[in-house]
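Now for the letters of each chain:
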Amino acid sequence: MITNSTTNLKELLAKDEQFLSNALYRVFHIVAERGEGPYLYSTDGIKYLDLTCGIGVTQLGHCHPEVIRAAKDQLDKLVHISCVTHHTLNITLAEKLSRILPGKINNTFFCNSGAEAVDGAIKFSRRINKGRPNIISFRGAFHGRTLCGTSLSSSKELHRKYYDPLLSGINIVDYPNCYTGKEPEKEASRVLESIEKLFKSSLPPDSVSAMIIEPVIGEGGYIPSPLKPVNFLRELRKICDKNGIMLICDEVQSGIGRTGKWFAVEHYDIEPDIITMAKGLGNGLPIGGFSAQKEKMSEMLPGSHGSTFGGNPVSCAAAIKTLEVIERDKILDYVSKTGSELIKHLEGELSTKGGSAFDGKSKANVRGFGFMIGIELFSKDIAEKVIQECFKEKILILSAGVEQNIIRFIPPLNIERDLLFNATDKIIGIINKT
Ligand SMILES: Cc1ncc(COP(=O)(O)O)c(C=O)c1O
(Lines give C-alpha, C1' and ligand atoms only; values in the text may rest on other atoms or scores of the structure.)
Protein backbone atom coordinates (compact mmCIF):
# COMPACT_ATOMS: atom_id res chain seq x y z
CA MET A 1 0.00 0.00 0.00
CA ILE A 2 1.34 3.43 -0.91
CA THR A 3 0.86 5.87 1.93
CA ASN A 4 0.98 9.55 1.27
CA SER A 5 2.25 11.21 4.46
CA THR A 6 0.29 14.43 3.90
CA THR A 7 -2.96 12.56 3.54
CA ASN A 8 -2.58 9.91 6.17
CA LEU A 9 -5.75 7.82 6.18
CA LYS A 10 -6.11 7.57 9.95
CA GLU A 11 -5.62 11.30 10.43
CA LEU A 12 -8.16 12.14 7.76
CA LEU A 13 -10.76 9.76 9.16
CA ALA A 14 -10.24 11.19 12.65
CA LYS A 15 -10.80 14.74 11.34
CA ASP A 16 -13.78 13.54 9.31
CA GLU A 17 -15.33 12.18 12.49
CA GLN A 18 -14.58 15.36 14.40
CA PHE A 19 -15.82 17.91 11.89
CA LEU A 20 -18.43 16.25 9.69
CA SER A 21 -21.96 15.49 10.82
CA ASN A 22 -22.44 11.97 12.06
CA ALA A 23 -25.63 11.80 9.97
CA LEU A 24 -23.53 11.44 6.84
CA TYR A 25 -23.24 7.69 6.34
CA ARG A 26 -20.30 6.30 4.36
CA VAL A 27 -20.13 2.73 3.03
CA PHE A 28 -16.36 2.42 2.66
CA HIS A 29 -13.90 4.01 5.03
CA ILE A 30 -11.40 5.08 2.45
CA VAL A 31 -10.83 8.65 1.32
CA ALA A 32 -11.41 9.29 -2.37
CA GLU A 33 -8.89 11.54 -4.04
CA ARG A 34 -9.39 11.20 -7.77
CA GLY A 35 -11.62 9.45 -10.27
CA GLU A 36 -11.00 8.47 -13.86
CA GLY A 37 -13.55 6.56 -15.92
CA PRO A 38 -14.62 3.45 -13.99
CA TYR A 39 -11.80 3.84 -11.48
CA LEU A 40 -11.58 5.60 -8.16
CA TYR A 41 -8.24 6.32 -6.47
CA SER A 42 -7.98 6.72 -2.71
CA THR A 43 -5.60 9.00 -0.87
CA ASP A 44 -3.51 5.97 0.08
CA GLY A 45 -2.89 5.31 -3.60
CA ILE A 46 -5.21 2.34 -4.14
CA LYS A 47 -7.15 1.94 -7.37
CA TYR A 48 -10.72 0.65 -7.10
CA LEU A 49 -13.12 -0.42 -9.81
CA ASP A 50 -16.17 1.66 -8.99
CA LEU A 51 -19.41 -0.13 -9.82
CA THR A 52 -21.39 2.35 -7.71
CA CYS A 53 -20.99 5.50 -9.84
CA GLY A 54 -21.43 7.58 -6.67
CA ILE A 55 -24.87 5.94 -6.38
CA GLY A 56 -25.91 6.01 -10.01
CA VAL A 57 -24.58 9.44 -10.90
CA THR A 58 -21.43 9.27 -13.02
CA GLN A 59 -23.10 7.67 -16.06
CA LEU A 60 -20.03 8.28 -18.22
CA GLY A 61 -17.52 7.42 -15.51
CA HIS A 62 -15.61 9.74 -13.24
CA CYS A 63 -14.36 13.02 -14.69
CA HIS A 64 -15.37 12.29 -18.27
CA PRO A 65 -12.95 14.53 -20.20
CA GLU A 66 -15.55 16.09 -22.50
CA VAL A 67 -17.98 16.79 -19.66
CA ILE A 68 -15.20 18.30 -17.57
CA ARG A 69 -14.04 20.44 -20.52
CA ALA A 70 -17.58 21.75 -21.05
CA ALA A 71 -17.92 22.63 -17.34
CA LYS A 72 -14.46 24.27 -17.24
CA ASP A 73 -15.18 26.35 -20.33
CA GLN A 74 -18.41 27.49 -18.77
CA LEU A 75 -16.63 28.35 -15.48
CA ASP A 76 -14.63 30.92 -17.43
CA LYS A 77 -17.75 32.48 -18.90
CA LEU A 78 -20.54 32.54 -16.33
CA VAL A 79 -20.99 30.54 -13.13
CA HIS A 80 -24.17 31.90 -11.65
CA ILE A 81 -27.03 34.19 -12.51
CA SER A 82 -30.06 32.60 -10.80
CA CYS A 83 -33.36 34.11 -11.95
CA VAL A 84 -31.94 37.59 -12.37
CA THR A 85 -31.69 37.11 -16.14
CA HIS A 86 -32.24 34.34 -18.69
CA HIS A 87 -29.18 32.33 -19.74
CA THR A 88 -28.48 30.18 -22.78
CA LEU A 89 -27.41 26.98 -21.04
CA ASN A 90 -30.66 26.06 -19.30
CA ILE A 91 -32.57 26.95 -22.49
CA THR A 92 -30.34 24.60 -24.56
CA LEU A 93 -30.59 21.82 -21.97
CA ALA A 94 -34.38 22.07 -21.66
CA GLU A 95 -34.75 22.01 -25.44
CA LYS A 96 -32.46 18.97 -25.64
CA LEU A 97 -34.46 17.20 -22.94
CA SER A 98 -37.73 17.90 -24.73
CA ARG A 99 -36.40 15.77 -27.61
CA ILE A 100 -35.62 12.75 -25.42
CA LEU A 101 -38.44 12.93 -22.87
CA PRO A 102 -41.31 10.52 -23.51
CA GLY A 103 -44.38 11.52 -25.50
CA LYS A 104 -45.35 15.16 -25.44
CA ILE A 105 -43.38 16.09 -22.30
CA ASN A 106 -41.50 19.19 -23.37
CA ASN A 107 -41.07 21.62 -20.48
CA THR A 108 -38.68 21.47 -17.52
CA PHE A 109 -38.02 23.17 -14.20
CA PHE A 110 -34.39 22.80 -13.08
CA CYS A 111 -33.23 22.38 -9.49
CA ASN A 112 -30.15 20.90 -7.80
CA SER A 113 -31.07 17.42 -6.62
CA GLY A 114 -33.49 14.54 -6.79
CA ALA A 115 -35.33 15.42 -3.60
CA GLU A 116 -35.88 18.97 -4.83
CA ALA A 117 -37.21 17.61 -8.12
CA VAL A 118 -39.68 15.43 -6.20
CA ASP A 119 -40.76 18.31 -3.95
CA GLY A 120 -41.34 20.49 -7.01
CA ALA A 121 -43.34 17.76 -8.73
CA ILE A 122 -45.61 17.35 -5.71
CA LYS A 123 -46.18 21.11 -5.44
CA PHE A 124 -46.92 21.21 -9.16
CA SER A 125 -49.49 18.40 -8.87
CA ARG A 126 -51.23 20.28 -6.07
CA ARG A 127 -51.38 23.43 -8.16
CA ILE A 128 -52.94 21.52 -11.04
CA ASN A 129 -55.31 19.57 -8.84
CA LYS A 130 -56.31 22.40 -6.55
CA GLY A 131 -58.02 21.37 -3.32
CA ARG A 132 -56.89 17.75 -3.54
CA PRO A 133 -54.56 17.30 -0.56
CA ASN A 134 -53.73 13.61 -0.89
CA ILE A 135 -50.84 11.81 -2.56
CA ILE A 136 -50.27 8.09 -3.09
CA SER A 137 -46.76 6.68 -2.85
CA PHE A 138 -45.50 3.11 -2.82
CA ARG A 139 -44.06 0.98 -0.01
CA GLY A 140 -40.32 0.55 -0.30
CA ALA A 141 -39.91 3.70 -2.40
CA PHE A 142 -37.24 6.30 -1.82
CA HIS A 143 -37.87 9.86 -2.93
CA GLY A 144 -35.22 11.84 -1.06
CA ARG A 145 -34.32 13.42 2.27
CA THR A 146 -36.25 16.68 2.36
CA LEU A 147 -39.35 16.57 4.58
CA CYS A 148 -41.52 15.98 1.50
CA GLY A 149 -39.18 13.29 0.15
CA THR A 150 -38.98 11.70 3.58
CA SER A 151 -42.78 11.70 3.90
CA LEU A 152 -43.15 9.92 0.56
CA SER A 153 -40.41 7.37 1.26
CA SER A 154 -40.60 4.03 3.04
CA SER A 155 -37.44 2.16 2.11
CA LYS A 156 -35.90 2.39 5.60
CA GLU A 157 -37.40 3.09 8.99
CA LEU A 158 -34.30 5.07 10.03
CA HIS A 159 -35.04 7.65 7.32
CA ARG A 160 -38.36 8.56 8.97
CA LYS A 161 -37.89 7.87 12.68
CA TYR A 162 -38.49 10.91 14.97
CA TYR A 163 -39.17 13.22 12.02
CA ASP A 164 -42.93 13.34 12.61
CA PRO A 165 -45.09 15.17 11.91
CA LEU A 166 -44.22 14.53 8.30
CA LEU A 167 -46.14 15.98 5.38
CA SER A 168 -49.83 15.18 5.74
CA GLY A 169 -51.93 13.55 3.02
CA ILE A 170 -49.43 10.84 2.06
CA ASN A 171 -50.96 7.38 1.62
CA ILE A 172 -48.50 4.53 1.18
CA VAL A 173 -49.70 1.47 -0.77
CA ASP A 174 -47.88 -1.76 -1.68
CA TYR A 175 -45.36 -1.71 -4.52
CA PRO A 176 -45.88 -4.76 -6.75
CA ASN A 177 -42.90 -7.06 -6.23
CA CYS A 178 -42.86 -10.04 -8.58
CA TYR A 179 -39.59 -11.32 -7.14
CA THR A 180 -40.74 -12.74 -3.81
CA GLY A 181 -41.46 -16.19 -5.21
CA LYS A 182 -45.16 -15.74 -4.38
CA GLU A 183 -47.60 -15.76 -7.33
CA PRO A 184 -45.70 -13.22 -9.47
CA GLU A 185 -48.31 -13.29 -12.22
CA LYS A 186 -50.97 -12.04 -9.77
CA GLU A 187 -48.89 -9.34 -8.09
CA ALA A 188 -49.77 -6.40 -10.36
CA SER A 189 -53.51 -7.16 -10.18
CA ARG A 190 -53.34 -7.59 -6.40
CA VAL A 191 -51.88 -4.10 -5.95
CA LEU A 192 -54.21 -2.49 -8.51
CA GLU A 193 -57.21 -4.01 -6.73
CA SER A 194 -55.92 -2.76 -3.38
CA ILE A 195 -55.77 0.79 -4.78
CA GLU A 196 -59.36 0.52 -6.05
CA LYS A 197 -60.39 -0.81 -2.62
CA LEU A 198 -58.64 2.10 -0.93
CA PHE A 199 -60.58 4.53 -3.12
CA LYS A 200 -63.86 2.86 -2.20
CA SER A 201 -63.14 2.53 1.51
CA SER A 202 -61.21 5.52 2.77
CA LEU A 203 -59.51 7.66 0.15
CA PRO A 204 -61.90 9.30 -2.33
CA PRO A 205 -59.99 9.51 -5.61
CA ASP A 206 -61.10 13.11 -6.13
CA SER A 207 -59.10 14.00 -3.00
CA VAL A 208 -55.87 12.69 -4.57
CA SER A 209 -53.70 15.07 -6.57
CA ALA A 210 -50.94 12.63 -7.57
CA MET A 211 -49.46 9.17 -7.43
CA ILE A 212 -45.69 9.01 -7.34
CA ILE A 213 -43.86 5.86 -8.34
CA GLU A 214 -40.37 4.73 -9.29
CA PRO A 215 -40.79 2.65 -12.49
CA VAL A 216 -37.88 0.57 -11.18
CA ILE A 217 -37.66 0.90 -7.44
CA GLY A 218 -34.12 1.95 -6.54
CA GLU A 219 -33.05 2.16 -2.92
CA GLY A 220 -35.94 -0.20 -2.08
CA GLY A 221 -34.21 -3.09 -3.88
CA TYR A 222 -33.94 -2.67 -7.66
CA ILE A 223 -37.40 -4.01 -8.42
CA PRO A 224 -38.87 -3.24 -11.84
CA SER A 225 -42.63 -2.76 -11.69
CA PRO A 226 -44.38 -5.66 -13.47
CA LEU A 227 -44.55 -5.64 -17.24
CA LYS A 228 -46.10 -9.07 -17.84
CA PRO A 229 -48.74 -10.44 -17.76
CA VAL A 230 -50.02 -7.04 -16.61
CA ASN A 231 -48.25 -3.80 -17.52
CA PHE A 232 -48.60 -2.24 -14.08
CA LEU A 233 -47.67 1.31 -15.06
CA ARG A 234 -50.12 1.29 -17.94
CA GLU A 235 -52.90 0.21 -15.59
CA LEU A 236 -51.86 2.87 -13.12
CA ARG A 237 -51.99 5.39 -15.98
CA LYS A 238 -55.59 4.32 -16.66
CA ILE A 239 -56.57 4.72 -12.98
CA CYS A 240 -54.98 8.19 -12.94
CA ASP A 241 -56.75 9.21 -16.17
CA LYS A 242 -60.10 7.99 -14.90
CA ASN A 243 -59.77 9.96 -11.69
CA GLY A 244 -57.91 13.09 -12.79
CA ILE A 245 -54.85 12.09 -10.73
CA MET A 246 -51.40 13.14 -11.94
CA LEU A 247 -48.96 10.30 -12.46
CA ILE A 248 -45.45 11.24 -11.35
CA CYS A 249 -42.66 8.87 -12.36
CA ASP A 250 -39.62 9.41 -10.21
CA GLU A 251 -36.71 8.69 -12.55
CA VAL A 252 -34.04 10.27 -10.38
CA GLN A 253 -32.21 6.93 -10.30
CA SER A 254 -33.63 5.11 -13.34
CA GLY A 255 -33.44 8.01 -15.81
CA ILE A 256 -30.76 9.30 -18.20
CA GLY A 257 -29.93 5.99 -19.84
CA ARG A 258 -29.52 3.89 -16.72
CA THR A 259 -31.94 1.19 -17.92
CA GLY A 260 -30.87 1.29 -21.59
CA LYS A 261 -33.56 3.82 -22.49
CA TRP A 262 -33.45 7.53 -21.75
CA PHE A 263 -36.21 6.95 -19.19
CA ALA A 264 -37.38 3.66 -17.68
CA VAL A 265 -41.06 4.43 -18.43
CA GLU A 266 -40.23 3.76 -22.09
CA HIS A 267 -40.04 0.04 -21.23
CA TYR A 268 -43.71 0.33 -20.22
CA ASP A 269 -44.72 2.51 -23.15
CA ILE A 270 -46.52 5.12 -21.08
CA GLU A 271 -46.34 8.88 -20.71
CA PRO A 272 -46.51 10.08 -17.12
CA ASP A 273 -47.76 13.59 -16.33
CA ILE A 274 -44.50 14.46 -14.59
CA ILE A 275 -41.01 12.95 -14.71
CA THR A 276 -38.39 13.76 -12.11
CA MET A 277 -34.69 13.38 -12.84
CA ALA A 278 -31.33 14.22 -11.24
CA LYS A 279 -28.41 11.86 -10.51
CA GLY A 280 -27.06 10.95 -13.99
CA LEU A 281 -28.04 14.20 -15.67
CA GLY A 282 -24.89 16.19 -14.89
CA ASN A 283 -22.48 13.22 -14.67
CA GLY A 284 -21.53 14.41 -11.18
CA LEU A 285 -22.37 18.09 -11.27
CA PRO A 286 -25.45 18.84 -9.18
CA ILE A 287 -28.58 19.25 -11.26
CA GLY A 288 -32.11 17.88 -11.14
CA GLY A 289 -35.42 18.73 -12.68
CA PHE A 290 -39.05 17.87 -13.20
CA SER A 291 -40.66 17.87 -16.61
CA ALA A 292 -44.21 17.90 -17.94
CA GLN A 293 -46.18 19.12 -20.93
CA LYS A 294 -45.92 22.89 -21.43
CA GLU A 295 -49.69 23.33 -21.29
CA LYS A 296 -49.82 21.94 -17.75
CA MET A 297 -46.53 23.41 -16.55
CA SER A 298 -47.80 26.87 -17.53
CA GLU A 299 -50.25 26.66 -14.66
CA MET A 300 -47.28 27.22 -12.35
CA LEU A 301 -47.27 30.99 -12.33
CA PRO A 302 -43.93 32.85 -12.42
CA GLY A 303 -42.64 32.89 -8.85
CA SER A 304 -44.87 30.06 -7.63
CA HIS A 305 -41.75 27.88 -7.39
CA GLY A 306 -38.06 28.70 -7.64
CA SER A 307 -34.43 27.92 -6.86
CA THR A 308 -31.37 30.11 -6.36
CA PHE A 309 -28.87 27.64 -7.77
CA GLY A 310 -31.12 25.32 -9.82
CA GLY A 311 -30.04 24.87 -13.42
CA ASN A 312 -26.88 26.94 -12.97
CA PRO A 313 -24.83 27.46 -16.15
CA VAL A 314 -21.96 25.15 -15.15
CA SER A 315 -24.17 22.18 -14.26
CA CYS A 316 -26.23 22.76 -17.40
CA ALA A 317 -23.08 22.75 -19.56
CA ALA A 318 -22.07 19.41 -18.02
CA ALA A 319 -25.57 18.00 -18.55
CA ILE A 320 -25.74 19.10 -22.19
CA LYS A 321 -22.41 17.38 -22.86
CA THR A 322 -23.48 14.24 -20.95
CA LEU A 323 -26.58 13.89 -23.12
CA GLU A 324 -24.58 14.60 -26.29
CA VAL A 325 -22.00 11.90 -25.51
CA ILE A 326 -24.65 9.30 -24.61
CA GLU A 327 -26.38 10.01 -27.92
CA ARG A 328 -23.25 10.27 -30.09
CA ASP A 329 -21.64 7.08 -28.76
CA LYS A 330 -24.91 5.09 -29.01
CA ILE A 331 -24.59 4.22 -25.36
CA LEU A 332 -28.26 3.34 -24.87
CA ASP A 333 -27.98 0.45 -27.36
CA TYR A 334 -24.83 -0.75 -25.65
CA VAL A 335 -26.39 -0.64 -22.17
CA SER A 336 -29.54 -2.35 -23.32
CA LYS A 337 -27.74 -5.22 -25.07
CA THR A 338 -24.96 -5.66 -22.51
CA GLY A 339 -27.40 -5.40 -19.58
CA SER A 340 -29.52 -8.27 -20.96
CA GLU A 341 -26.39 -10.38 -21.48
CA LEU A 342 -25.23 -9.59 -17.96
CA ILE A 343 -28.54 -10.71 -16.44
CA LYS A 344 -28.41 -14.00 -18.39
CA HIS A 345 -24.80 -14.50 -17.34
CA LEU A 346 -25.64 -13.90 -13.67
CA GLU A 347 -28.62 -16.26 -13.84
CA GLY A 348 -26.47 -18.92 -15.45
CA GLU A 349 -23.51 -18.67 -13.11
CA LEU A 350 -24.97 -18.04 -9.66
CA SER A 351 -25.02 -21.28 -7.75
CA THR A 352 -27.84 -22.57 -5.54
CA LYS A 353 -25.21 -23.45 -2.97
CA GLY A 354 -24.00 -19.87 -2.47
CA GLY A 355 -25.50 -16.72 -0.98
CA SER A 356 -27.88 -15.88 -3.81
CA ALA A 357 -31.62 -16.32 -3.44
CA PHE A 358 -33.39 -18.42 -6.07
CA ASP A 359 -36.93 -18.38 -7.40
CA GLY A 360 -37.69 -21.64 -5.64
CA LYS A 361 -36.49 -23.57 -8.71
CA SER A 362 -33.37 -22.95 -10.69
CA LYS A 363 -33.39 -19.30 -11.61
CA ALA A 364 -31.32 -16.89 -9.52
CA ASN A 365 -33.28 -13.88 -8.32
CA VAL A 366 -31.71 -11.35 -10.68
CA ARG A 367 -33.76 -8.53 -12.15
CA GLY A 368 -33.54 -5.17 -13.84
CA PHE A 369 -33.04 -3.40 -17.13
CA GLY A 370 -29.81 -2.20 -18.70
CA PHE A 371 -27.27 -1.30 -16.04
CA MET A 372 -29.77 -1.14 -13.20
CA ILE A 373 -29.57 -4.73 -12.00
CA GLY A 374 -30.32 -6.22 -8.59
CA ILE A 375 -29.19 -9.62 -7.29
CA GLU A 376 -31.18 -10.83 -4.32
CA LEU A 377 -29.14 -12.59 -1.63
CA PHE A 378 -30.48 -14.56 1.32
CA SER A 379 -29.76 -11.92 3.96
CA LYS A 380 -28.24 -8.58 4.83
CA ASP A 381 -25.34 -10.41 6.51
CA ILE A 382 -24.49 -12.22 3.30
CA ALA A 383 -24.76 -9.00 1.29
CA GLU A 384 -22.40 -7.25 3.72
CA LYS A 385 -19.90 -10.11 3.50
CA VAL A 386 -20.04 -10.03 -0.31
CA ILE A 387 -19.49 -6.26 -0.36
CA GLN A 388 -16.52 -6.59 2.02
CA GLU A 389 -14.97 -9.44 -0.02
CA CYS A 390 -15.39 -7.37 -3.21
CA PHE A 391 -13.76 -4.44 -1.44
CA LYS A 392 -10.75 -6.66 -0.69
CA GLU A 393 -10.63 -7.35 -4.46
CA LYS A 394 -10.72 -3.55 -5.02
CA ILE A 395 -14.24 -3.59 -6.42
CA LEU A 396 -16.82 -1.19 -5.00
CA ILE A 397 -20.44 -2.37 -5.05
CA LEU A 398 -23.48 -1.39 -2.98
CA SER A 399 -26.50 -3.05 -1.45
CA ALA A 400 -30.14 -1.94 -1.59
CA GLY A 401 -33.54 -3.07 -0.36
CA VAL A 402 -35.67 -2.69 2.74
CA GLU A 403 -33.78 -5.75 4.09
CA GLN A 404 -30.48 -4.54 2.58
CA ASN A 405 -30.02 -7.96 0.97
CA ILE A 406 -29.86 -6.88 -2.66
CA ILE A 407 -26.55 -6.35 -4.44
CA ARG A 408 -26.97 -3.67 -7.05
CA PHE A 409 -25.07 -3.21 -10.26
CA ILE A 410 -24.84 0.44 -11.30
CA PRO A 411 -21.66 0.57 -13.39
CA PRO A 412 -20.85 3.49 -15.67
CA LEU A 413 -22.90 3.21 -18.86
CA ASN A 414 -19.76 3.29 -21.00
CA ILE A 415 -17.76 0.69 -19.06
CA GLU A 416 -15.88 -1.71 -21.35
CA ARG A 417 -17.58 -5.06 -21.76
CA ASP A 418 -14.58 -7.18 -20.77
CA LEU A 419 -13.90 -5.13 -17.67
CA LEU A 420 -17.54 -5.44 -16.62
CA PHE A 421 -17.76 -9.18 -17.21
CA ASN A 422 -14.41 -9.91 -15.54
CA ALA A 423 -15.52 -7.98 -12.46
CA THR A 424 -18.91 -9.69 -12.56
CA ASP A 425 -17.21 -13.10 -12.61
CA LYS A 426 -15.24 -12.15 -9.52
CA ILE A 427 -18.44 -11.04 -7.79
CA ILE A 428 -20.23 -14.25 -8.83
CA GLY A 429 -17.34 -16.27 -7.41
CA ILE A 430 -17.58 -14.39 -4.13
CA ILE A 431 -21.37 -14.80 -3.88
CA ASN A 432 -21.14 -18.50 -4.71
CA LYS A 433 -18.74 -19.18 -1.89
CA THR A 434 -20.41 -16.92 0.70
C1 LIG B 1 -35.77 7.55 -6.97
C2 LIG B 1 -35.08 8.63 -6.19
N3 LIG B 1 -35.71 9.77 -5.94
C4 LIG B 1 -35.14 10.78 -5.27
C5 LIG B 1 -33.87 10.64 -4.75
C6 LIG B 1 -33.23 11.76 -3.99
O7 LIG B 1 -32.21 12.31 -4.75
P8 LIG B 1 -31.14 13.28 -4.08
O9 LIG B 1 -30.32 12.46 -3.16
O10 LIG B 1 -30.38 13.84 -5.24
O11 LIG B 1 -31.90 14.34 -3.36
C12 LIG B 1 -33.17 9.44 -4.96
C13 LIG B 1 -31.83 9.25 -4.41
O14 LIG B 1 -31.31 8.16 -4.29
C15 LIG B 1 -33.79 8.41 -5.70
O16 LIG B 1 -33.17 7.24 -5.92
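Source: prediction; values computed, not measured.

What counts and what doesn't
- Within each chain, residues carry numbers counting from 1 in the order of the written sequence.
- Confidence filtering applies because this is a predicted model: local features only for residues at pLDDT of at least 70, side-chain atom pairs given and counted only at 80 or more, and all residues used for totals across whole chains, interfaces and linings.
- Heavy atoms from the whole structure form the basis of all side-chain values; hydrogens and water molecules are not counted.
- Think of a 1 Å grid over the protein atoms and nothing else: a 1.4 Å probe that fits but is trapped marks a cavity, an open set flanked by protein within 12 Å on at least five of seven lines marks a pocket, and residues with an atom within 4 Å of a point count as lining.
- Grid points are joined across faces, edges and corners, and a volume is the space filled by probe spheres set on the points.
- Helical segments are the DSSP runs of H or I of at least four residues, strand segments are the runs of E of at least two, and each set is numbered from the N terminus.
- Side-chain classes follow a simple rule in which Ala, Val, Leu, Ile, Met, Phe, Trp, Tyr, Cys and Pro form the nonpolar group, Asp, Glu, Lys and Arg form the charged group, and the remainder, Gly included, forms the polar group.
- The rule is short: rings of Phe, Tyr and Trp, with Trp giving its six-membered ring, pair when the centres are within 6.5 Å, and they are stacked under 30 degrees, edge-to-face over 60, tilted in between.
- Definition used: whenever NZ (Lys) or CZ (Arg) falls within 6 Å of the ring centre and also within 35 degrees of the ring normal, the charge is taken to sit over that ring.
- An automatic or database domain assignment supplies the start and end points of every domain.
- In this analysis, the expected span of each helix is defined as 1.5 Å times one less than the number of residues it contains.
- In this analysis, two residues are considered to be in contact whenever any of their non-hydrogen atoms come within 4.5 Å of each other.

Focus: the layout of surface pockets
Here's step 1: Approximately 970 Å³ is the volume attributed to the second largest pocket.
Here's step 2: Along the wall of the second largest pocket there are 33 residues; nearest its centre are His 86, Asn 90, Thr 108, Phe 109 and Phe 110.
Here's step 3: Tallying contributions element by element places strand E4 (residues 107–111) first for the lining of the second largest pocket, with 4 residues.
Here's step 4: A breakdown of the residues in the lining of the second largest pocket according to their chemical character gives 13 nonpolar, 19 polar and 1 charged.

With respect to the packing of aromatic side chains
Aromatic ring pairs are described here by two measures, namely the spacing of the ring centres and the angle between the planes.
Here's step 1: Following the criterion strictly, the structure yields 8 aromatic pairs and no others.
Here's step 2: Taken together, a centroid distance of 6.2 Å and an interplanar angle of 85° make the contact between Tyr 334 and Phe 371 edge-to-face. Residue Tyr 334 is found in helix H11 (residues 331–349), and its partner Phe 371 is found in the loop between strand E13 (366–369) and strand E14 (372–376); the two are separated by 37 residues along the sequence.
Here's step 3: Through pairs of rings, three or more aromatic residues link up here, namely Phe 28, Tyr 48 and Phe 391.
Here's step 4: Geometry around Tyr 39 places Lys 47 over its ring, the cationic atom sitting 4.2 Å from the centre.
Here's step 5: Residue placement shows Arg 417 over the ring face of Phe 421; its charged tip is 4.3 Å from the ring centre.

Some details on the domain arrangement of the protein chain
Here's step 1: According to the domain assignment, the protein chain consists of domain 1 (1–26 + 35–50) and domain 2 (66–328).
Here's step 2: For domain 1 and domain 2, the distance between their C-alpha centroids amounts to 33 Å.

Focus: helix H4 (residues 88–100)
Since there are 3.6 residues in each turn of an α-helix, residues three or four apart along the chain are aligned in direction.
Here's step 1: A rise of 1.5 Å per residue sets the reference length of H4, with its 13 residues, at 18 Å; its end C-alpha atoms lie 19 Å apart and thus fit the reference within 8%.
Here's step 2: Buried residues belonging to H4 abut helix H3 (65–77), E4, strand E11 (274–277) and helix H10 (313–328).

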